[in-house]
Every structure is written in structure tokens, then in C-alpha cells.
Amino acid sequence: MSEQIKFFGESVPLEMHKVRIIQKLNLVPIDQRVKAITEAGNNTFLLTNDNIFMDMLTDSGVNAMSDIQQSSMMIADDSYAGSATYARLEAKVKEIFGMEYFLPVHQGRAAEHILAKAFVKKGDVVPMNYHFTTTKAHIGLCGGSVLEIHYPEALEVDSTNPFKGNMSPELLKDVIKKYGVKKVPYVRLEAGTNLIGGQPYSLANQKEIYGICKKHGIPLVLDTSLLADNLYFIKVRETAYKNKTIRQIAREIADNADIMYFSARKLGHARGGGICIKNYDHYRVMRDMIPLFEGFLTYGGMSVREIEAITVGLDETMDLHMINQGPQFIEYMVSELKKKGIPVVTPAGGLGCHIDAKRFLDHVPQTEYTSGALGAALYIAGGIRGMERGTMSEERKADGSDTLAAVELLRLAMPRRVFTLSQIKYAIDRITWLYANRKLIGGLKFTDEPKLLRFFLGRLAPTSDWQQKLAAKFKSDFGDSL
Ligand code: F0G
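Calculation notes
- Residues numbered from 1 in each chain as written.
- Predicted model: local features only at pLDDT ≥ 70, side-chain atom pairs only at ≥ 80, totals over all residues.
- Heavy atoms only, no water.
- Salt bridge = Lys/Arg side-chain N within 4 Å of Asp/Glu carboxyl O.
- Buried < 20%, exposed > 50% of the residue type's maximum accessible area, 1.4 Å probe, protein only.
- Helix = DSSP H or I, 4+ residues; strand = E, 2+ residues; numbered from the N terminus.
- Phe/Tyr/Trp six-rings, centres within 6.5 Å; stacked < 30°, edge-to-face > 60°.
- Lys NZ or Arg CZ within 6 Å of the ring centre and 35° of its normal.
- Pairing = 2+ DSSP bridges.
- Axes fitted to C-alpha atoms, helices over the stretch in contact; angles between N-to-C directions.
- Contact = heavy atoms within 4.5 Å.

Q: I'm lost on the pattern of salt bridges in this one. Help?
A: Pairing of side chains with opposite charge becomes possible as their charged atoms draw close. Enumeration according to the criterion identifies 34 salt bridges in this entry. With a closest N to O distance of 4.0 Å, Lys94 and Glu100 form a salt bridge. Taking relative accessible area as the criterion, Lys94 reaches 37% and is therefore assigned partly exposed. With a closest N to O distance of 3.5 Å, Lys338 and Asp158 form a salt bridge. Placement of Lys338 in helix α14 (residues 325-339) and of Asp158 in the loop between β4 (145-148) and α6 (169-179) is noted, with a sequence separation of 180 residues between them. What you see here is one network of salt bridges that share partners, running through Asp59, Asp229, Lys266 and Arg416.

Q: Would you mind showing me how to read the packing of aromatic side chains here?
A: When we look at a pair of aromatic rings, we describe it by the centre distance and by the angle of the planes. What the rule picks out here adds up to 18 aromatic pairs. Ring centres of Phe53 and Tyr426 lie 5.2 Å apart, and the angle between their planes is 80°; on these two criteria the pair is classed as edge-to-face. Placement of Phe53 in the loop between α1 (30-39) and β1 (54-55) and of Tyr426 in helix α17 (residues 421-436) is noted, with a sequence separation of 373 residues between them. Here Phe53 falls in the buried class, since its relative accessible area comes to 17%. Grouping aromatic residues by their ring pairs yields a cluster made of Phe45, Phe455 and Phe456. Here the guanidinium or amino end of Arg430 rests over the ring plane of Phe478, the centre of that ring lying 4.5 Å away.

Q: It is not clear to me how unusual backbone geometry should be interpreted in this structure. Could you clarify?
A: Here the residue pair Thr346 and Pro347 is connected by a cis peptide bond, since its omega of -5° sits within 30 degrees of zero. The topology assignment puts Pro347 in the loop between α14 and β9 (352-356). In this structure, Leu351 is a non-glycine residue whose phi angle is positive, near 65°. Along the chain, the position of Leu351 falls in the loop between α14 and β9. Using a relative accessible area of 0% as the deciding quantity, one classes Leu351 as buried. Positive phi, close to 55°, is recorded for Tyr369, a residue that is not glycine. With respect to the secondary-structure elements, Tyr369 resides in the loop between α15 (357-360) and α16 (370-382). Tyr369 gets classed as buried once you look at its relative accessible area, which sits at 2%.

Q: Where do I start with the sheet that holds strand β11 (residues 387-389) in this structure?
A: Reading across from one edge, β9-β12-β11 is the order of the 3 strands in this open sheet, with antiparallel pairing throughout. The open sheet terminates on both sides in strands that have one partner only, identified here as β9 and β11. Within this sheet the neighbouring strands show an average axis-to-axis angle of 30°, counted without direction. Judged from the 5 bridges that link them, β9 and strand β12 (residues 409-413) form a sheet pairing that is antiparallel. Of the residues in β12, the one forming a bridge with His354 is Arg411. Most of the contacts of α16 go to β12, to which it runs at about 45°, and overall it touches β9, β11 and β12.

Function-wise, these values are silent; they only describe arrangement.
Following this line, the structure appears as C-alpha cells:
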């Protein structure tokens, strides 16, 4: 049985849950939207929720919980040490992934901090399929650097490659040869590769990479924050796993790695994180850092309520009908936009729908933060908040010039089980209007620029009065509509 649902007529993503609690949304008038984005320094991170209609900033910590997750929070055992709640999480992680040891952390980047501190020394290189912002920053703080060894297709925005997240085994062998085993503390493979558009890797690729790592005695570390999406794509795109259950695929992933860390703000639909470890020596170096940086070993900086929700959330993630909602909604949005000629990352990945800002705004140079400008414009057009994933998310070079991002994207994340299909249709409508009026959109420049991870708190201003012109066109096209 395929577990997939087929339609007699038009195929649509079908929710396998019902909505039993809601939160009212605001769609503020266009003049208020221009004012709000100005006050937010044109940085969507600095908008406030009362001014946002569709929050597509991220899927981190904002996925809808199930009734069982919520009710589990009521039985949380609130103790500093030896909490029964923690024991339940530890047992669940072991049951699903089969790795011997587990360490709790307060979120994904905390795991990255611990891993980098435990293993990365000055001058080390960490090969990976692609970097994530916080991963790279933590490795850099320990004096190491990141080497991206993907296939060229990873950066081809418009592609048919089902596994753009794959790592190149040939390049990995070259890196090990060039730097030597001692300079490679671990190899990192990221599931549902975030910054290239939520693109998965194949299990065949992971196994090949693990084989090389084992041969050289280098640990393979998986970032499984976006594992749910990657599991779904292995099941539906990798023929060898068509008839395997999600649970079986998850176990095979864990069997072919040494360490798995995750943000439970994504994996497990709650808020927290963890590190699963196969080998005692690896566990031992990291363990002693947990009470120092996170909290005692039986909570790791997490609330026990969230720990209960993660335990249930991880179990629920082992269900195809739970994990298919995100990718299927994203696929719908991507294919509808593509039909209208709007440039989007293909194939549709997990995490969200990614608009190729370089092609959408081919008149706005990357030095004027093309995807940041598109993010500000989409907020003005529809009260929709996306996230800049391009040049603004890079750090400046030593000479002070911008590092131009290889892919310049506006990410519209799909918090799981949060939006209805009509809301997605509204977003498609506003993006389509914006595309028709794209020539009105101009660039941005920094007015306040933090040195590290500037995209979080940096403030920018438009390079001209383009936002007023865009708002005027909206009013002439939509009248007094919100
Ligand atoms: N790794 C990946 C692949 C991630 O996507 C994230 C977070 C982290 C690590 C860090 O986890 O936020 O719990 O500290 N991604 C969020 C996002 C921030 O919006 O994509 P965290």
C-alpha cells in the first residue's frame, strides 16, 4: 500500500488533520504596512506580529502541535535532575534512532556550539554539503572553516535533480587527501539542506559518504533539523525506499552516521534540541559541556513541557501522513508560481517555497540586497513576511566588500499544519501582482550593520522612494482593499 491519496479530478494537497484551535490574524492596511516595514529597518526579522498577516519567516518553533503533544505537556515532571520527562525523551530517541547516547540542548545552534567546541581546532576544515548560518559561525569562532563539497546542481536554482543536497564523494576524498585526516574533525551532512531551498540528500549518497568517513576514521555528523522533509523525499523520490516505512528509513539514516543533532524547533514540532551519539568517547567530550552551557543533563536548557512535546512530536514524525503536509503544500505553491512564469527554486523542496530573487528582480544588484528588497516589497504587497536568504545573510569579506551569495533567495517558509490552502492561494495572488509590478521595486542599503549574523538585527533603508511608488500602484489597482 502506497499510503498516498489519489484524486479523481484535480489533485490538491490534502490535510490529514483537522483544526481545533485558531489564532486570529490581522491584515493591516497598506499605509500601515509601509510604516511598519520602515520602522523595522526593512528587515523582516524586526517586524512585529500584530502587523503580519502570513508569517512565513520560518518553520522554527512555530509548527502546529497535535492535541496529544499539548496534552502531554500537562504531565511534565518538573525536576532539575532525574526528571521522568527527560527519561521519556531519551528512551524515545533511542527507540527511533537506535544511537546509544543522547544529550539535550536548548536549540539547534547550541548543539553546533558544543560540537564545534568539542572537535574543531584552529586551522581545521569541516566539509559539508552546504553551510547553515549558525553552523558556519560556530565553526569559525573555534578557528575552523567550512568547505562546501556539493555537486554543481546544488546551486542551480531551476533543476530537475531530486537530490540537490547530495555531497560529492569525489570532492570529499580530495579534501581528505589535501588537508589530511587530522585537519578534518568531522564531516557534516545536512538533511533538507536549508540554504539551497530545503533540498534533500539521498540515503544512497549518505551511505557512500559514511563509507569514506569510516575508512578514514572521521566521524559523520548529520544535521537532522530538517529530517522530516528529507525522510519524506527519500520515501517518494528514492526508488529503493519506496516500500520502506518512515521509521525504517529513519533508522537506516541513523545507522549510517556517528552523531545526529537537531533543532527540535523543527524536528519534533516543539522548542528545544538534542545530540544523538553512537560512540562513548564522542559523548564524553560533549557531555561535560552541557551543564556549563545549557543546563543539567536532564533538561539541557529546555522546559520540561517542551521536552514532553518533543517526545510525542518525534514519534508523530514517523508517520508519512504527518510529514507529507509541508512538502505537499510547498509543491503546490511552487508549481502554481512556476505556471505563472515566476522564478522559484525547483524541484520543490521542504521547509518552504523559495523565490529566486536574482531572476525576479534582475534590475536590482546583489550589492543592494536583492532578496532583502523583495522581502520588504512582499510585506508591503500582502502583509506576508518572508526571510532574506541571500547576500544579506552572508558576512563581509576582509576587505569590507560584500560576499555575493551564490543563490539569492526569498524564503517563504511553510510552518507545518498552520496555513490553509486558501491562505496559500492569497500568497500566490500577491506574489503574482508583485511580479507584474516588479520594475517598481528598488534596492536597499544598510544604515546599521552588525558585524556577525547581520541579517538578524541589521537595519536598512530603500535606495529611493520605490516603496511609496509600490504602495501607490497597489492602491490604484486594489482601491481600498486591504
Ligand atoms: N541547522 C539547520 C539546518 C537549521 O535550519 C537551523 C535553524 C539550525 C541548525 C539552528 O537551529 O534555530 O534551533 O538554533 N534554522 C532556523 C530557520 C533558524 O529559520 O531556518 P536553532
